[in-house]
Amino acid sequence: MSRLDTWVDNKLVQNILVWLFLMIIFLMVIQAENRLLASSAIIAFIIPPVYISNLKILPLFFTNKRVLGVVLFSLNITFFTFLGVALLSSFFESFQWRMLLNIFGAVLLVILFGTALKLARDSFYRRQEEKEAELKLLKAQLNPHFLFNTLNNLYGLSVIKSEKLPDLMLKLSDLLRYSLYETKETFVPLEKEIKYLENYISLEKIRLEDKADIQLNIKGYDPSDKIIAPMLFIVFVENAFKHLGVLEGVKSKVSVNIEIEKDSLNFNCLNTIDSIRTTNIEKGKSGIGLQNAKKRLDLMYIDKYKLQVKQEKDFYQVALNLNF
């Protein structure tokens, strides 16, 4: 976080800026011999009821004490309004009691403004905290899921003492390094995410040999200056290999295509499935990963993505359009 972000997020600074803004407003509208003194006095009388309302009375409205909250809110405004008018009238000879209505309106307006500002700020921070918590949970569910499947592959090759095992372990090391250490940020370089997919697909090619036609095609703009949510595509690619079917007389196929445009990205993943398969992949056990992917898209790319999932007799396809 930059110094500017820290400065802006500081609550003390935020409050000072709000009161300075109100001071300027009062200086413009108050008719008095000494506008600065009068404006400062009014601000001094408004500050206590605002903070009493926000810190002590406002929480009552979130409990079963709403009636008490309304009563205290009214008393709070009335007391400080009459107190302010009485003191101002004793200090300023030109101060007239007919300004009572104006002062009362100013106090009410400022309190309502401060209350609305606090509610909006608290709501924003709460949504941010919920969003970060859910993202951490989804990522925690995603990484072990991938590791479990990959370790199963390693075990199978170790049983038959395959010569591919060392190369497979090296690929796995690169994958784990990325998923454990380079995905802690909310967004990562698209270039690294693509490299991650390349390593994963290379791993699957070693495992499957000539049993399947596996393709990864990247085209379009240079990905080096673009960012994306980490491990967003791996769920779809991993799911394609997990449900890769054997078709009679046709070679199994996994095709991953990524087209990078100036302000968007098109991702397409297709895999063949068994002709006799009747289970809906999205509703099966593997559907958990797909559901998590959709939740992450909803959280991080709201109104900025379009996801289409199609399951036919012989193939399963995921198409994702994402705006940066």
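Quantities reported herein were computed from a predicted structural model and do not represent experimental measurements.

Chemist: Let's hear about the pattern of salt bridges: which residues, and what values?
Modeler: Between side chains of opposite charge, a pair can form as their charged atoms come close. Scanning the entire structure with this criterion turns up 1 salt bridge. Asp174 serves as the salt-bridge partner of Arg177, at 2.9 Å between the closest nitrogen and oxygen. Here the residue Arg177 and the residue Asp174 both occupy positions in helix α6 (residues 165–181), the gap between them amounting to 3 residues, near one helical turn.

Chemist: Let's hear about the pairing of strand β6 (residues 305–311): which residues, and what values?
Modeler: In the case of a regular strand, side chains alternate between the two sheet surfaces. Where β6 meets strand β7 (residues 315–323), 7 bridges bridge the pair, whose relative direction is antiparallel. From the neighbouring strand, Val309 faces β7, where its bridge partner is Val318. Connecting the antiparallel pair β6 and β7 is a turn made up of 3 residues.

Chemist: Break down unusual backbone geometry for me, with residues and values.
Modeler: Despite not being glycine, Met231 has its phi angle at roughly 55 degrees, a positive value. Not every positive phi belongs to a glycine, and Asp303 is a case in point at roughly 65 degrees. On the secondary structure map, Asp303 appears in the loop between α9 (287–300) and β6.

Chemist: Can you lay out the packing of aromatic side chains for me, pointing to particular residues and giving the numbers?
Modeler: For any pair of aromatic rings, the description rests on two quantities: the centre-to-centre distance and the angle between the ring planes. Applying the stated criterion to the full structure yields 5 aromatic pairs. Between Phe236 and Phe267 the ring centres are 6.0 Å apart and the planes differ by 40 degrees, which places this aromatic pair in the tilted class. Of this pair, Phe236 sits in helix α8 (residues 234–242) while Phe267 sits in strand β5 (residues 264–272), and the two are 31 residues apart along the sequence. Taken individually, Phe236 and Phe267 each receive the classification buried, so the pair is uniform in this respect. Members of the aromatic cluster, joined through ring pairs, are Phe233, Phe236 and Phe267.

Chemist: For the side chain of Glu204, give the residues involved together with the corresponding values.
Modeler: Within the element layout of this structure, Glu204 appears in helix α7 (residues 190–208). Assessed through its relative accessible area of 2%, Glu204 is described here as buried. Those residues in contact with Glu204 that lie beyond four places of it in its chain are Asn153, Ile214 and Phe241.

Chemist: Now, about the environment of Leu22: what can you tell me, with residues and values included?
Modeler: Position of Leu22 among the secondary structure elements: in helix α2 (residues 11–29). Owing to a relative accessible area of 11%, Leu22 belongs among the buried residues under this scheme.

Chemist: Tell me about the environment of Pro230, and name the residues and values.
Modeler: Assignment of secondary structure puts Pro230 in the loop between β3 (227–228) and α8. Judged by its relative accessible area of 1%, Pro230 falls in the buried class. Separated by 46 residues in the primary sequence, Pro230 and Lys184 have C-alpha atoms spaced 8.4 Å apart.

Chemist: I'd like a description of α7, backed by residues and values.
Modeler: If you check α7, its first and last C-alpha atoms are 27 Å apart, about what 19 residues at 1.5 Å a residue would give, namely 27 Å. Turning to α7, its buried residues are Leu190, Glu193, Ile194, Tyr196, Leu197, Asn199, Tyr200, Ile201, Leu203, Glu204, Ile206 and Leu208. Looking one or two residues past α7, Glu209 carries a phi angle of roughly 50 degrees, positive in sign.

Chemist: Which residues make up the confidence of the model for the protein chain, and what values go with them?
Modeler: Residues at a pLDDT of 70 or more form 71% of the protein chain, whose mean pLDDT is 76. Low pLDDT (under 50) marks residues 1–8, which in the prediction has 5 contacts with non-local residues, meaning those over four places away or in another chain.

Chemist: Residue-level account of α6, with values.
Modeler: Here α6 contains 17 residues, and its C-alpha end-to-end distance of 24 Å stays within 8% of the 24 Å for a straight helix at 1.5 Å per residue. Three or more residues of α6 are buried, namely Leu165, Leu168, Lys171, Leu172, Leu175, Tyr178 and Ser179. Projected down its long axis, α6 shows its buried positions confined to an angular sector of 145 degrees, all on one face. Opposite the packed face of α6, turned more than 90 degrees from it, sit the exposed residues Pro166, Leu170 and Tyr181.

About the criteria used
- Residues numbered from 1 in each chain as written.
- Predicted model: local features only at pLDDT ≥ 70, side-chain atom pairs only at ≥ 80, totals over all residues.
- Heavy atoms only, no water.
- Salt bridge = Lys/Arg side-chain N within 4 Å of Asp/Glu carboxyl O.
- Helix = DSSP H or I, 4+ residues; strand = E, 2+ residues; numbered from the N terminus.
- Pairing = 2+ DSSP bridges.
- Phe/Tyr/Trp six-rings, centres within 6.5 Å; stacked < 30°, edge-to-face > 60°.
- Buried < 20%, exposed > 50% of the residue type's maximum accessible area, 1.4 Å probe, protein only.
- Contact = heavy atoms within 4.5 Å.
- Expected span 1.5 Å × (residues − 1).
- pLDDT = per-residue confidence, 0-100.
- Arc of directions from axis to C-beta.

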